[in-house]
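# Breakdown of the fold
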Amino acid sequence: MHGIRQLRSGWADGPAYVTQCPIQTGQSYVYNFTITGQRGTLFWHAHISWLRATVYGPLVILPKRYPFPQPFKEVPIIFGEWWKADTETIINQAMQKGGAPNVSDAHTINGLPGPLYNCSAKDTFRLKVKPGKTYLLRLINAALNDELFFSIANHSVTVVEVDAAYVKPFKTKTVVITPGQTTNILLKTKSHSPNATFLMAARAYATGPAAFDNSTTAGILEYDHQEHKPSVSNAKNSNPSVLKPALPSFNDTLFAMNFNKKLRSLATTKFPAKVPQTVSRRFFFTVGLGLIQCSRNKACPGPNNTMVGAAINNVSFVQPSTALLQAHFFGKTKGVYTTDFPANPLFKFNYTGTPPSNILLNSGTKVVVLPFNTRVELVLQDTSIIAAESHPLHLHGFNFHVVGQGFGNFDPNKDPAHFNLVDPVERNTVGVPSGGWVAIRFRAGNPGVWFMHCHLEVHTSWGLKMAWVVTDGKRPNQKLPPPPSDLPKC
């Protein structure tokens, strides 16, 4: 349940070998949880290997009323990725051979690729609108590996919510959305039905050197009562009545940074920004790529028999064979995980400059233990090892506030003075800027074991993940209850 805080219900969080063992073929498991104090757009997806490529859907929590006029209609827009092959075979072969997996063959809008691909004109999402109305579009990026730019031809939109938290409204022609993020936008249609249709298009925002799916998915926005209705197949031609949006270039990091800096919490009496003003634990995590030494009986394509891996603070996470939450709850952690995850990089270097000569990663199942209600500040720093790249980091079990971000190396002496502790945006997934850093704060008031990982699935497969263990508080309502009887077994 992506983005659900799961207050004292960590058994229903979902990630395989973190809060539960996978549901076996022919078996079932009831996810029992109560949604407390949340409303907005979230989603659900499979959380093992690459199964979420097709196993996902929207999760909409309706409010009693909006902090803006009631929209005429609400429409979910879910972005996905499509392969012409079995995604499990793709990632398994890549992990065995030590290379990068094949990129997707198409992006999709609500499961449909749209008219800009060969032979897919009939597989196009259409949104019929009435003139002079306001529509609430609930954008969800469920793609596996691609951050996306999204725009509607000849229309501006107003951003009003991200990751199920309201923001100060602002207008934009293009939205940036990473895998794992949601964005609610208001679309005000034109006052009269124009003699045209408009493409709603999304394509990759890609910052790394690796190959990526550079295709464009599109849906069609069409007004009611149109006298002339062009065919979808004409979208590929220069038909003047099918208008295409102009999207930023695929590697426009400055646009992405400027868009994200516009996001601010409402910070009103009704919707306060509960950002921790003081901090009890500070962490500095590098996130990025590196090399993993392969065993002698495995031929890998990297130098000196290595393969590409990914890590946080140079630790590439090894998936255990027992769920971390079970091991923690029953006190049987020996041989499952260790509690020595480094709070800072063990080796300091110019993170966004020339990489060090040794880029081998360490591997292990390591966690950070936090006492209940710890006020955490975490700086996530991209590195240039192999290549600088944007990383959408998702934290389970909590929302956090994004108090600062910038390009280059984080400066602990200068940058904190510019942190926004008044109205920082509240999120559950944040893009670490390519060649930059982001600072977040959260209060660890939810007992359990909480996964934090890159939401680019290829990087998660390579080990860019870790977990936070939050201990029980003193009061009964601050303790994790026992697991349900139908919890899957490993």
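Attention here is on the structure that accompanies the text. Please read these numbers as outputs of a predicted model, since none were measured by experiment.

Conventions used here
- Residues numbered from 1 in each chain as written.
- Predicted model: local features only at pLDDT ≥ 70, side-chain atom pairs only at ≥ 80, totals over all residues.
- Heavy atoms only, no water.
- Helix = DSSP H or I, 4+ residues; strand = E, 2+ residues; numbered from the N terminus.
- Buried < 20%, exposed > 50% of the residue type's maximum accessible area, 1.4 Å probe, protein only.
- Contact = heavy atoms within 4.5 Å.
- Areas by Shrake-Rupley, 256 points an atom, 1.4 Å probe, with all protein chains shown as cover.
- Core = buried A, V, L, I, M, F, W, Y, C linked by side-chain atoms within 4.5 Å.
- Salt bridge = Lys/Arg side-chain N within 4 Å of Asp/Glu carboxyl O.
- Pairing = 2+ DSSP bridges.
- Axes fitted to C-alpha atoms, helices over the stretch in contact; angles between N-to-C directions.
- Polar contact = N/O pair within 3.5 Å; in protein donor to acceptor, adjacent residues only side chain to side chain.
- Disulfide = S-S within 2.5 Å.
- Phe/Tyr/Trp six-rings, centres within 6.5 Å; stacked < 30°, edge-to-face > 60°.
- Lys, Arg positive; Asp, Glu negative; His and termini not counted.
- Arc of directions from axis to C-beta.

## Side note on the overall build of the chain
For the chain, the helix and strand inventory stands at four helices and 27 strands. With respect to the three principal axes, the spread of C-alpha positions in the chain is 70 × 55 × 55 Å. Here the chain holds 490 residues, and 59% of them are scored as buried. Considering only intrachain contacts with a sequence separation of at least 6, the fraction spanning at least 24 residues in the chain is 79%. Accessible area of the chain: about 20,900 Å², with a carbon and sulfur share of 53%.

## Quick word on the nonpolar core
In terms of nonpolar packing, the biggest core is built from 83 residues, with Leu137, Phe285, Leu380, Met452 and Trp468 touching the most fellow members. Examining the composition of this core, we find that six residues originate from one element, strand 12 (residues 197-205), more than from any other.

## A closer look at the pattern of salt bridges
According to the stated counting rule, one finds eleven salt bridges in the structure shown. Among the salt bridges present, the one from Asp224 reaches Lys130, with a minimum N-O distance of 3.4 Å. Of this pair, Asp224 sits in the loop between strand 13 (216-223) and strand 14 (242-243) while Lys130 sits in the loop between strand 5 (126-129) and strand 6 (134-141), placing them 94 residues apart in sequence. The class of Asp224 is buried, set by a relative accessible area of 19%. The exposure class assigned to Lys130 is partly exposed, which follows from its relative accessible area of 35%. The salt bridge involving Asp163 is made with Arg427; its shortest N-O contact spans 3.0 Å. A residue pair is termed long-range when its members are at least 10 positions apart, and Asp163 in the loop between strand 8 (157-162) and strand 9 (165-172) and Arg427 in strand 23 (residues 425-427) qualify at 264 residues. According to the relative accessible area criterion, Asp163 is buried, its value standing at 1%. A single salt-bridge network, built from bridges that share partners, covers Lys168, Arg264 and Asp423.

## Quick notes on the sheet that holds strand 11 (residues 182-188)
Strand order in this open sheet of six strands is 4-3-6-11-8-9, and the pairing throughout is mixed. Two strands close off the open sheet at either side, each with one partner strand: strand 4 (106-109) and strand 9. The average undirected angle you get between the axes of adjacent strands in this sheet is 25 degrees. Sheet analysis places strand 8 next to strand 9, joined by five bridges and oriented antiparallel. What sits directly across from Thr158, in strand 9, is Lys171.

## So, the pairing of strand 26 (residues 448-454)
Buried residues dominate strand 26, accounting for seven of its seven residues. Pairing analysis gives three bridges linking strand 21 (residues 391-395) to strand 26, with the strands arranged antiparallel. Directly across from Leu395, in strand 26, lies its bridge partner Met452. Sheet topology note: the strand 26/strand 27 (residues 465-470) ladder contains six bridges and is antiparallel. Bridge assignment links Phe451 to a residue of strand 27, and that residue is Ala467.

## A word on the side chain of His459
Mapped onto the fold, His459 is located in helix 4 (residues 457-462). Side chain to side chain, His459 and His391 meet in a polar contact 3.2 Å long. Apart from the residues within four sequence positions on either side, His459 is in contact with Leu289, Ala310, Glu389, His391, Cys454 and Leu464.

## A word on the state of the cysteines
Within this structure, the stated rule accounts for two disulfides. Two residues, Cys21 and Cys490, share a disulfide whose sulfurs are 1.8 Å apart. A torsion of -90 degrees about the S-S bond marks the disulfide between Cys21 and Cys490 as left-handed. In this pair, Cys21 is assigned in the segment before strand 1 (40-45) and Cys490 in the segment after strand 27, connecting sequence segments 469 residues apart. The partner cysteine of Cys294 in its disulfide is Cys300, sulfur to sulfur 2.0 Å.

## Looking at the packing of aromatic side chains
Per the stated rule, a full pass over the model turns up 28 aromatic pairs. Ring geometry for Trp11 versus Phe329: centroids 5.6 Å apart, planes at 75 degrees, classification edge-to-face. Here Trp11 is found in the segment before strand 1, whereas its partner Phe329 is found in helix 3 (residues 324-329), with 318 residues between them in sequence. Connected via pairs of aromatic rings, a cluster forms that spans Phe283, Phe285, Phe341, Phe398, Phe442, Trp450 and Trp468.

## As for the sheet that holds strand 21
With mixed pairing, five strands are arranged side by side in an open sheet as 19-27-26-21-24. Of all the strands in the sheet, just strand 19 (367-370) and strand 24 (429-432) have a single pairing partner and so form its edges. Here the average twist between neighbouring strands, direction ignored, is 20 degrees. Judged from the four bridges that link them, strand 19 and strand 27 form a sheet pairing that is parallel. Its bridge partner lying in strand 27, Val368 is registered against Trp468.

## Observations concerning the side chain of Glu88
Positionally, Glu88 belongs in helix 1 (residues 87-97). Within the buried core, Glu88 has no salt-bridge partner, and the shortest N-O distance to an opposite charge, that of Arg52, equals 10 Å. Every residue in contact with Glu88, bar those within four places of it in the chain, is listed here: Ser49, Trp50 and Leu51.

## Section: helix 2 (residues 253-261)
All buried positions along helix 2 are accounted for by Ala256, Met257, Phe259 and Asn260. When helix 2 is viewed along its axis, its buried side chains cluster within an angular range of 165 degrees and face the same direction. Contacts made by the buried residues of helix 2 are with strand 8, strand 9, strand 10 (174-177), strand 12, strand 22 (400-407) and strand 23.

## Topic: the pairing of strand 16 (residues 306-312)
A large share of strand 16 lies buried, amounting to six of its seven residues. Bridge count for strand 15 (residues 281-293) against strand 16 is seven bridges, and the pairing is antiparallel. By the bridge assignment for strand 16, Leu289 is matched with Ala310.

Take it as geometry only, folks, not as evidence of what the structure does.
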